[in-house]
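A structural walkthrough
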Amino acid sequence: MDEQQAVIRIDDLTFTYPGAEEPALRNVSLSIDKGDFVAIIGGNGSAKSTLCKTMNGLIPHFYTGDYAGEVTIAGLRTDEHSVSELSRHVGYVYQDFENQLVRPTVLDDASFAPLNYGMRNYKERGMQALAMVGLDASPREFIWQLSGGQKHLLALAGAVSLGPDILIVDEPIAQLDPCHAREIYELLRRFNEQHGMTIIVIEHHTEFIADYCEHVVLMAGGRLVWKKPVHEALNQVGELLCHDVFPPQVTQAAHRMHGSHGRLPVTLEEAEQYFGPVNGSVPAAADVLAVPELIRRDQPVVTTEAASFSYKTVERGKKPVLREVSLSFYPGEQVALVGNNGAGKSSLLRLITGVTKPESGSVHVKGIDTRRTSPESLADLVTYIYQNPEDMFIEDSIRKDVEFFLKARKVVGYQEKVDRILSSFNLTGLQERDGRLLSGGQQRRASLAIGVAMDPSIILLDEPTASLDIATRKDIVSMLAEVRRHVDTVIIATHDMQLVAEWASRIIVMHEGQVIHDGTRESVFGDPYLLAQAGLTAPQIVELSRRMGMQPLCYTVEEFAARCRAGREEEVARNGAGAQAIG
Amino acid sequence: MSLMKQRYVLTQSQKMMVFILSMSLYGLSNMITELIPEFRFGPIELSVEYFAFIPLTLCILFHPLYAAVGASLGEVIFGEIMLGQFGGLGELEKFLAFSLAMFIAGSLVRDPKNRRQVGIAAITGVAIHQMISSMVDIGKVWVGIEELEAVPGLAESVVVIEGVSFLNDVLFSGILFALLPTMYLVPRLYGKIEPLLGMKPRDNKMRYSIGQILGPRVIVLSIVAACGAFIAEFMAESDMALIEWDADFVDTYGDWFIWVSIGAAALVALVTILVMVSRRRNAGGKGVSHG
Amino acid sequence: MEQVRKLLDKISVEQIKIELLNTAYGNANTLLARLDPRTLFIWYLFFGIAPWFIHQEPVLLGMFVFMVITTVMSRISPLIIAILCMGLLSQAGYMLVASWFFGGNWDTIMPLAVLTLKLSVISLASVTAFCAMDPEKLSDGLLKVGAPAKVSFGIAYGYRMLPNLLDEYHHIFLSFRLRGKAPEKHGILYWRSVIYFVKIAVLSFYPLLLSMAKRARTTVEALETKGFSYAGYDAEVRRIKLAHLRMQGRDYLFLAVSALYVVLLFSLT
């Protein structure tokens with residue numbers, strides 16, 4: 001009976017990577033039932049991925065370190081069976097899934113594993129897997145022509161092509177816009193419910209865990225802290241925060257108001273019930289982010305006039321990505337560019353850097369026509385920070401990277417300036433390290449410092465918070481304030497609606513290469529039709545306050561809790577007064 | 001062979017990582033060098049022949065065989081097949097020459113932190129490669145022209161042209177695109193890139209005096225040993241399958257058609273061989289009479 | 001340097017990707033493209049080697065004519081052929097010039113012309129045979145004749161990863177350009193600027209080496225989970241994968257016609 005139930009059983013596992021001093025996993029014991037949907041959470045370096053790699057035999061076969069304990073997968077001991085035997089039972093999708101696609105075309109990749117296992121019907125199996133994930137691309141399409149979301153689906157197809165019992169997905173939604181993220185989880189749920197697969201995800205987004213998972217495993221420093229049912233797990237607000245995991249915003253709000261008494265809500269629907277209707281008349285504090293009209297009377301720093309741009313396609317045609325975009329950006333603004341994948345955000349940023357030129361229309365930066373000048377000379381005014389911070393690291397230490405620009409221009413006294421920048425971005429201790437060897441959050445900080453050291457008036461950031469855990473994300477958001485002190489205008493292209501809600505003074509919504517809205521967070525998040533059209537999802541707390549009819553909307557957990565409490569007190573006071581009058 | 005025993009041992013998957021790394025990067029660099037314009041005056045050209053520093057660096061830092069073979073394959077795939085310039089057997093000869101040269105260069109270095117060793121290995125690698133290519137080129141003319149010695153001035157001019165281009169490549173490409181970048185990259189990457197592949201850096205606990213490392217006899221012996229090691233290891237590691245012209249000839253076409261075509265092919269082969277033999281005999285006879 | 005810079009600006013990554021695709025898959029409908037790879041290998045093996053040992057000019061000339069016909073049939077881009085001819089002619093040219101210094105005379109021309117003819121036959125044979133095959137066909141063919149599985153893996157991986165690598169290289173190169181400073185004076189023949197750009201082209205590989213190392217690790221892990229064994233494909237997998245390769249009537253016909261032609265050439269001289 002027990003044999004049938006537990007599809008994964010780990011017994012007192014300790015593992016040390018080859019050459020490492022400290023064990024990565026210590027005395028981990030875990031059992032996961034067949035058909036479960038489990039989230040593994042924990043801060044950076046808590047060995048979540050290492051744990052998952054013991055489940056398909058990569059540890060101990062691929063990483064031959066010190067290994068003690070026992071792992072049994074679908075009845076097979078992992079140290080006695082090879083990775084390829086185990087892989088028939090376990091599918092694995094990496095966080096950098098891009099590198100797990102190894103064949104040139106779609107069907108070729110999806111059927112690669114069945115072929116290697118010598119299955120005669122490998123092509124049918126590949127087609128089946130593609131149908132299961134619902135990838136809407138031709139089987140003969142080249143992988144390099146697929147979008148990021150499609151590539152992720154293809155990686156999933158490859159993982160399920162052998163019909164595994166267990167599917168492990170490392171950070172399934174890190175690089176997706178909110179709509180595509182939900183689609184991926186719906187897909188995983190289908191695998192779980194219809195195909196009976198046991199699903200294991202490594203996930204930072206607790207909102208999604210609350211909606212889709214059944215159990216949660218908390219890891220910290222290579223140890224397994226606990227495994228609990230999802231509701232109970234997400235209710236441990238204090239403990240989670242301790243381990244750099246942020247529970248859903250609604251849970252945080254409830255915890256802030258009532259402490260850990262009783263059962264806290266973990267989903268939006270529960271929260272609606274939990275908080276009930278609130279007196280909407282409570283006024284919010286003045287919107288600190290709104291830009292006074294005064295600023296707009298200054299000269300704009302960037303203007304685009306009917307700028308259009310398109311890509312060439314293999315069929316030698318053209319695919320328009322920007323259609324007649326006319327915008328002006330002013331000093332002092334904190335602009336967020338939002339919209340689905342492929343809405344044209346990055347293309348617009350690249351036009352401003354002058355690396356690409358508009359096909360028609362014009363782009364002016366501080367009065368200079370980008371078409372008439374080289375990207376090198378525009379680099380003195382505009383800095384573009386890549387989505388992948390590693391593209392910014394060209395030297396072998398953070399310090400050399402930060403000083404590169406200043407040194408090339410022989411700026412007098414650049415050493416002190418570099419020292420100042422390093423310390424304001426908390427990088428002094430890391431300055432001799434190679435950027436590529438830092439953690440994700442440190443890399444982001446370093447890329448911001450490199451940008452600021454170029455002393456631009458405009459800084460452009462492409463997805464500055466993508467694939468960061470929530471704690472690191474908070475750190476970067478506070479660093480953005482630091483960036484703002486050094487430059488006139490900051491423009492961010494992002495999917496991260498929480499960042500938009502907490503930071504932007506002006507929000508530009510793009511859809512299919514056009515600007516469909518240009519306003520404040522009130523006008524964007526208060527308009528459900530606009531959000532639906534652009535494929536956006538408001539942060540949970542904003543959505544909750546909208547559903548509860550609070551006017552104006554709340555943008556942070558703190559604000560929500562404060563206004564709810566104020567609302568309650570007023571209600572209590574009024575009720576009290578009413579009762580007295582009756583009495 | 002003793003040379004190989006001193007090397008650290010890698011698992012199959014680690015070798016595969018080195019192979020992929022070397023193949024992709026050297027292949028990419030090959031495409032890029034195709035795009036860089038060249039300046040040419042007859043046999044002397046100031047062109048970027050190749051970014052030899054990439055395979056050199058990887059051969060020195062990791063397993064030299066896998067890095068060398070990976071790089072050569074990368075050149076064939078990215079630089080030839082993908083650009084529509086695959087040259088058949090000519091590629092095989094380039095492949096072997098380049099792999100061998102890079103392998104020897106990588107084997108010469110015992111301590112990646114020793115710049116002098118790295119520098120000597122880099123320039124030796126390029127020199128060996130260019131030497132082999134020159135010899136092959138001379139050999140082609142020798143085979144391709146009937147009675148080469150009888151044609152006035154041609155034999156000398158071929159040797160001189162190949163000699164000049166050898167010197168040109170070793171001094172220009174060798175110094176600018178092998179020696180300098182390799183000496184810059186190896187110390188920077190040592191100890192940094194290995195953990196990314198989940199392996200330990202090559203240890204350099206073995207100490208040698210400078211004379212021991214640089215003595216000409218040691219270098220020559222190492223090269224000879226490395227050639228042997230290369231061939232032996234290449235044969236052992238490659239998974240050459242027996243040629244399978246399998247049975248679909250007979251499976252699908254059991255009729256006369258096959259026999260006609262096979263007979264025709266055999267005839268062509270026979271005629272060719274006969275012509276070759278008679279030519280050889282003639283050439284041999286004349287060569288003796290000249291002497 | 002303006003020209004070079006403009007050129008660098010123009011060579012967009014997108015453009016290169018598109019050109020690559022068209023080079024690789026542009027000739028799928030020609031007669032030669034429909035042949036089995038083994039047919040083309042046999043054919044190439046003869047025309048790529050035999051000319052070295054043939055010294056009768058009429059036979060070589062006849063083979064050359066045949067090669068021109070097949071080249072035209074396989075619709076190879078004229079550019080590739082032009083580059084090929086330029087290379088062969090210039091090599092012969094300066095060999096001729098150099099030979100004069102060593103007492104050469106007009107008699108030197110004839111042997112050189114024959115050599116060039118041989119080389120042309122060989123080059124055209126390889127261009128026709130290998131451009132007629134798209135990369136999948138070539139890699140299947142190589143696998144069939146017993147090449148290591150790594151070769152066919154390498155070809156597939158090249159087509160998969162090259163665009164990503166180009167993108168990344170391009171980004172790093174741009175980072176160098178935008179944060180660095182191009183020399184103010186170009187120097188004679190733009191030598192300063194040339195050195196500046198070549199130096200960036202070389203230095204850009206340092207970051208790329210490290211990030212490619214990260215990629216390689218995931219890729220090899222994934223290969224392991226997808227059952228790609230390093231000892232090579234076992235015979236069964238090879239058989240399943242290559243089951244679609246069939247020698248057909250047109251293959252034998254093509255070989256027979258070629259053989260007949262060669263026999264005819266020899267018998268006429």
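Residues numbered from 1 in each chain as written. Chains lettered and ligands numbered in written order. Predicted model: local features only at pLDDT ≥ 70, side-chain atom pairs only at ≥ 80, totals over all residues. Heavy atoms only, no water.

This paragraph deals with the overall build of chain B. Scanning chain B from N- to C-terminus turns up eleven helices and two strands. Across chain B, helices and strands are ordered from the amino to the carboxyl terminus as α-α-β-β-α-α-α-α-α-α-α-α-α. Evaluated residue by residue, chain B yields a buried proportion of 52% over its 291 residues. By sequence separation, contacts in chain B at least 24 residues apart represent 79% of the contacts at least 6 residues apart. When the accessible surface of chain B is split by element, carbon and sulfur atoms take 69% of a total near 12,800 Å². (Helix = DSSP H or I, 4+ residues; strand = E, 2+ residues; numbered from the N terminus. Buried < 20%, exposed > 50% of the residue type's maximum accessible area, 1.4 Å probe, protein only. Contact = heavy atoms within 4.5 Å. Areas by Shrake-Rupley, 256 points an atom, 1.4 Å probe, with all protein chains shown as cover.)

What follows is about a negative patch on the surface. A cluster of like negative charges, contributed by E183(A), E186(A), E193(A) and E214(A), occupies part of the molecular surface. By secondary structure assignment, the location of E183(A) is in helix α9 (residues 178–194). (Patch = residues over 30% accessible without salt bridge, like charges linked within 9 Å, V, L, I, M, F, W, Y side chains within 5 Å. Salt bridge = Lys/Arg side-chain N within 4 Å of Asp/Glu carboxyl O. Lys, Arg positive; Asp, Glu negative; His and termini not counted. Charge placed at Lys NZ, Arg CZ, Asp CG, Glu CD.)

For the rest of this paragraph, the subject is the domain arrangement of chain A. All names here are of chain A. What the domain assignment lists for chain A is domain 1 (2–246), domain 2 (248–287 + 540–583) and domain 3 (293–539). Computed from C-alpha coordinates alone, the two centres of domain 1 and domain 3 are separated by 33 Å. Between domain 1 and domain 3, the contact holds 13 residues from the first and 14 residues from the second. Both faces considered, domain 1 and domain 3 share a buried interface measuring about 1,300 Å² in area, 57% of it formed by carbon and sulfur atoms. Per-residue buried area on domain 1 facing domain 3 is highest for D177, P178 and F246; these three make up 36% of the total on that side. Viewed at the interface, domain 3 and domain 1 are joined by zero salt bridges. Inspection of the region where domain 1 meets domain 3 yields zero residue pairs in polar contact (both at pLDDT 80 or more). (Domains from an automatic or database assignment. Buried area = accessible area lost by both parts, 1.4 Å probe. Polar contact = N/O pair within 3.5 Å; in protein donor to acceptor, adjacent residues only side chain to side chain.)

What follows deals with the interface of chain C and chain A. Listed by partner, the interface residues are 52 residues for chain C and 58 residues for chain A. By the criterion of area lost to chain A, the three top residues of chain C are R160(C), R179(C) and K226(C), representing 17% of everything that side buries. Residue E376(A) is joined to R177(C) by a salt bridge in which the shortest nitrogen-to-oxygen separation is 3.0 Å. The interface formed by chain C and chain A includes 26 residue pairs in polar contact (both at pLDDT 80 or more). When residues of the side of chain C that touches chain A are traced back to their parent elements, those giving at least two are α2 (13–25), α8 (149–179), α10 (205–225) and α11 (235–241) of chain C. Among the elements that line the side of chain C that touches chain A, the one with the most residues is α8(C), at 17 residues. Grouping the amino acids of the side of chain C that touches chain A by side-chain chemistry returns 23 nonpolar, eleven polar and 18 charged. (Nonpolar A, V, L, I, M, F, W, Y, C, P; charged D, E, K, R; others polar.)

All right, on to the nonpolar core then. In this structure, I200(A), I20(B) and F205(C) are the most contacted members of the largest nonpolar core, which totals 172 residues. A total of 14 residues in this core trace back to one element, the largest contributor, which is α8(C). Excluding residues that lie within four positions of it along the chain, I20(B) makes contacts with F153(C), Y157(C), M212(C), A216(C), T219(C), V220(C) and L223(C). L337(A), V509(A), A534(A) and F560(A) belong to the second largest nonpolar core, which has 103 residues in total. (Core = buried A, V, L, I, M, F, W, Y, C linked by side-chain atoms within 4.5 Å.)

Let us look at the pairing of strand β10 (residues 223–229) of chain A. Residue and element names in this part refer to chain A. Judged from the six bridges that link them, strand β9 (residues 215–220) and β10 form a sheet pairing that is antiparallel. In the strand pairing of β10, A220 is matched with R223. Connecting the antiparallel pair β9 and β10 is a turn made up of two residues, with G221 showing a positive phi of about 55°. (Pairing = 2+ DSSP bridges.)

What follows deals with the packing of helix α3 (residues 37–49) of chain C against helix α7 (residues 135–144) of chain C. Residue and element names in this part refer to chain C. Relative to each other, α3 and α7 sit at 75°, their axes nearing to 9 Å. On the basis of the axis angle, α3 is roughly perpendicular to α7. Residues P37, R38 and F41 of α3 form the contact with α7, whose participating residues are K137, L138, G141, L142 and K144. Split into classes, the residues belonging to the contact of α3 with α7 amount to four nonpolar, one polar and three charged. (Axes fitted to C-alpha atoms, helices over the stretch in contact; angles between N-to-C directions. Parallel < 35°, antiparallel > 145°, perpendicular 65-115°, else oblique.)

This paragraph deals with the environment of I421(A). With respect to the element layout, I421(A) can be found in helix α19 (residues 414–424). Sequence spacing of I421(A) and A453(A) is 32 residues, and the spatial spacing of their C-alpha atoms is 7.1 Å.

For the rest of this paragraph, the subject is the sheet that holds strand β14 (residues 360–365) of chain A. All names here are of chain A. Taking strand neighbours across the sheet as the criterion, the four strands line up as β12-β11-β14-β15 in an open arrangement whose pairing is antiparallel. Edge positions in the sheet fall to β12 (318–329) and β15 (368–369), since each has one partner strand and no second. With two bridges connecting them, β14 and β15 associate as antiparallel partners. Pairing of V365 across the sheet is with I368, part of β15. Of the strands in this sheet, β11 (302–312), β12 and β14 are in contact with helix α16 (residues 345–353), which crosses β12 at around 65°.

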